[in-house]
Amino acid sequence: MQLTDTFQAIDRNLYRRSLKLMGNRFDISVEAGNMADAEEMIELAVSEIRRIEQLLTTFNEKSLTNQINEMAGIAPVKVNEEFFQLVKRAQRISALTQGAFDLSYGSIDKRLWNFDTSLKELPDRDTAKEMVRLINYHNIILDEVGGTIFLKEKGMRIGFGGIGKGYAADRAKQVLTGAGVKNGIVNASGDLTTWGNQPNGNPWTIGIADPDSAGKPFSYINITDMSVATSGNYEKFITIGGKRYSHTIDPRTGYPVTGIKSVTIISPIAELADAMATPVMVMGIKVGLDLINQMNQMACIIIDEQQKVYTSKNITVI
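The model shown is predicted, which means the values in this text are computed figures rather than measured ones.

Trainee: Tell me about the overall build of the chain, residues and numbers included.
Mentor: When helices and strands are counted, the chain shows 7 helices and 16 strands. For the C-alpha atoms alone, the extent of the chain along its principal axes is close to 60 × 50 × 40 Å. Evaluated residue by residue, the chain yields a buried proportion of 50% over its 318 residues. In the chain, the share of contacts with a sequence separation of at least 24, taken over all contacts with a separation of at least 6, comes to 60%. Approximately 15200 Å² of the chain is accessible, and the part contributed by carbon and sulfur atoms is 49%.

Set out below in structure tokens:
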């Protein structure tokens, strides 16, 4: 069913617009004195998200992303400062997660893993490894002086599916707060950022997705001026030999992630929450939690395939 662009009042002085952006559903909610003001403010956020979409998309052959991919193994591409800094931050996350997060994930040969009924058996480990051989963040070369980005290997591709929605949510929030909106939420298909409070003065109450009941939260957290992102295997997976395999592929092995149903990251920055959710799933419960526990102002909730809940040290679920 196609998402229509809708605008509605959802509470006293709280207004929400829902529409499709960046290939995903975005819900933008703001507190405003009246509907006209709310519409005007939200349009600023929508324009900013559309700008980010054009910056990062792979569906426009003239986008910087496609130019870099087209010139892989041939020559560096000059990019603007915003794009360069986003890639630079992504590279830091790749190093932090030892490659569990990798912008060059777009290099994966998708013929191997087709998550529908046609996939009946697992490929061998060597074949899987070969399919991800071009994924290597070390081969994304950044030239600070020249402001260029170069992919060393021909056939390499970068993509922003693991960080773009979070970045767009952060930018939309910045535009709205800059315009004087004191309370609101930008929700990019579950990757969301909040600021201020609800109209009644209470913090925002955010539901954590239940991996076994799409659309039904298994618990809630109260947050303000924080962001939340969730990665899970409950929307797309296959079952072979009675074992569930996630659509999330470990870029280091070419094999799908097992054992974890969902990972939720809480952070002040939506970009970081978005970028960390999948790699924690790839790294596994112990390593993932150890990493989050070492990071400032970060928290994590993991649900494994036995429905057991694990949390980082600094969070309480209700």
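After presenting the structure, the write-up continues.
Trainee: Could you give an account of helix α7 (residues 285-293), with specific residues and numbers?
Mentor: When α7 is considered as a whole, its buried residues turn out to be Gly288, Leu289, Leu291 and Ile292. End-on, the buried residues of α7 take up no more than an arc of 160°, which puts them together on one face. Residues of α7 that are buried make contact with α3 (81-96), β14 (260-267), α6 (270-283), β15 (299-304) and β16 (309-311).

Trainee: Give a description of the pattern of salt bridges that names residues and reports values.
Mentor: Using the criterion set out here, one finds 12 salt bridges in the structure. Residues Glu48 and Arg171 are paired through a salt bridge, measuring 2.8 Å at the closest nitrogen-oxygen approach. Here the residue Glu48 occupies a position in helix α1 (residues 35-56), and Arg171 occupies one in helix α5 (residues 164-178), the gap between them amounting to 123 residues. You can call Glu48 buried: its relative accessible area is 9%. The partner of Lys286 in a salt bridge is Asp290, and the shortest N-O contact between them spans 3.1 Å. Placement of both Lys286 and Asp290 in helix α7 is noted, with a separation of 4 residues, approximately one turn of the helix. According to the relative accessible area criterion, Lys286 is exposed, its value standing at 64%. Among the residues examined, Asp290 registers a relative accessible area of 35% and is labelled partly exposed.

Trainee: Before we move on, can you summarise the layout of surface pockets with the specific residues and values?
Mentor: One number sums up the size of the second largest pocket: a volume of about 160 Å³. Here the lining of the second largest pocket is composed, by residue class, of no nonpolar, 4 polar and 2 charged.

Trainee: For the environment of Thr193, give the residues involved together with the corresponding values.
Mentor: With respect to the helices and strands, the residue Thr193 is situated in strand β8 (residues 191-195). Look at Thr193 and you get buried, because its relative accessible area is 0%. In the structure, Thr193 is positioned 29 residues away from Asn222 in sequence and 12 Å away in space, judged by C-alpha atoms. Other than its neighbours up to four places away in sequence, Thr193 contacts Ala169, Asp170, Lys173, Gly184, Ile185, Val186, Met226, Ser227 and Ala270. Among the polar contacts made by the side chain of Thr193, one reaches the side chain of Ser227 at a distance of 2.8 Å.

Trainee: With reference to specific residues and values, describe the pairing of strand β1 (residues 6-11).
Mentor: Sheet analysis places β1 next to strand β2 (residues 14-21), joined by 5 bridges and oriented antiparallel. Paired with Phe7 across the strands is Arg17, a residue of β2. The antiparallel pairing of β1 with β2 creates a hairpin that spans 2 residues between the two strands, and Asn13 there sits at a positive phi of about 65°.

Trainee: Which residues make up α3, and what values do they have?
Mentor: Given a rise of 1.5 Å per residue, 16 residues ought to cover 22 Å, and the 23 Å separating the end C-alpha atoms of α3 matches this to within 8%. For α3, every residue scored as buried is listed here: Phe83, Phe84, Leu86, Val87, Ala90, Gln91, Ile93 and Ser94. Here the buried face of α3 lies against α1, α2 (64-70), β5 (140-143), β6 (148-151), α5 and α6. Between the side-chain oxygen of the N-cap and the backbone nitrogen of Glu82 there are 3.3 Å, and the N-cap of α3 in question is Asn80. Once α3 finishes, Gln98 follows within two positions and takes phi at roughly 55°, a positive value.

Reading guide: rules and limits
- Going along each chain's sequence as written, the residues are numbered from 1 onward.
- Totals for whole chains, interfaces and linings use every residue, but because this is a predicted model, local features are given only for residues with pLDDT of at least 70 and side-chain atom pairs only at 80 or more, for both listing and counting.
- Each side-chain value is derived from all of the structure's non-hydrogen atoms; neither hydrogens nor water enter the calculation.
- Numbering of helices and strands starts at the N terminus; helices are DSSP runs of H or I of at least 4 residues and strands are runs of E of at least 2.
- The classification of residues rests on relative accessible area computed with a 1.4 Å probe and restricted to protein chains. Under 20% of the type maximum is buried, over 50% is exposed, and intermediate values are partly exposed.
- Here, two residues are considered to be in contact whenever any of their heavy atoms come within 4.5 Å of each other.
- For every accessible area listed, the method is Shrake-Rupley and the probe measures 1.4 Å; residues are considered covered only by the protein chains on display.
- Note that the arc is computed from the directions linking the helix axis to the C-beta atoms.
- One side-chain nitrogen of Lys or Arg within 4 Å of one carboxyl oxygen of Asp or Glu is enough to make a salt bridge.
- The distinction between a cavity and a pocket rests on a 1 Å grid over the protein atoms alone: a 1.4 Å probe fits inside a cavity but cannot get out, while a pocket stays open yet meets protein on both sides within 12 Å along at least five of seven lines, and a residue with an atom within 4 Å of a point counts as lining.
- Grid points are joined across faces, edges and corners, and a volume is the space filled by probe spheres set on the points.
- Polar here means any residue other than Ala, Val, Leu, Ile, Met, Phe, Trp, Tyr, Cys and Pro, which are nonpolar, and Asp, Glu, Lys and Arg, which are charged; Gly is therefore polar.
- Two N or O atoms form a polar contact when they lie within 3.5 Å of each other; inside protein one atom must be a possible hydrogen donor and the other a possible acceptor, and for residues adjacent in sequence the pair counts only when both atoms belong to side chains.
- For two strands to pair, DSSP has to find at least two bridges joining them.
- Helices are assigned an expected span. That span is 1.5 Å times one less than the residue count.

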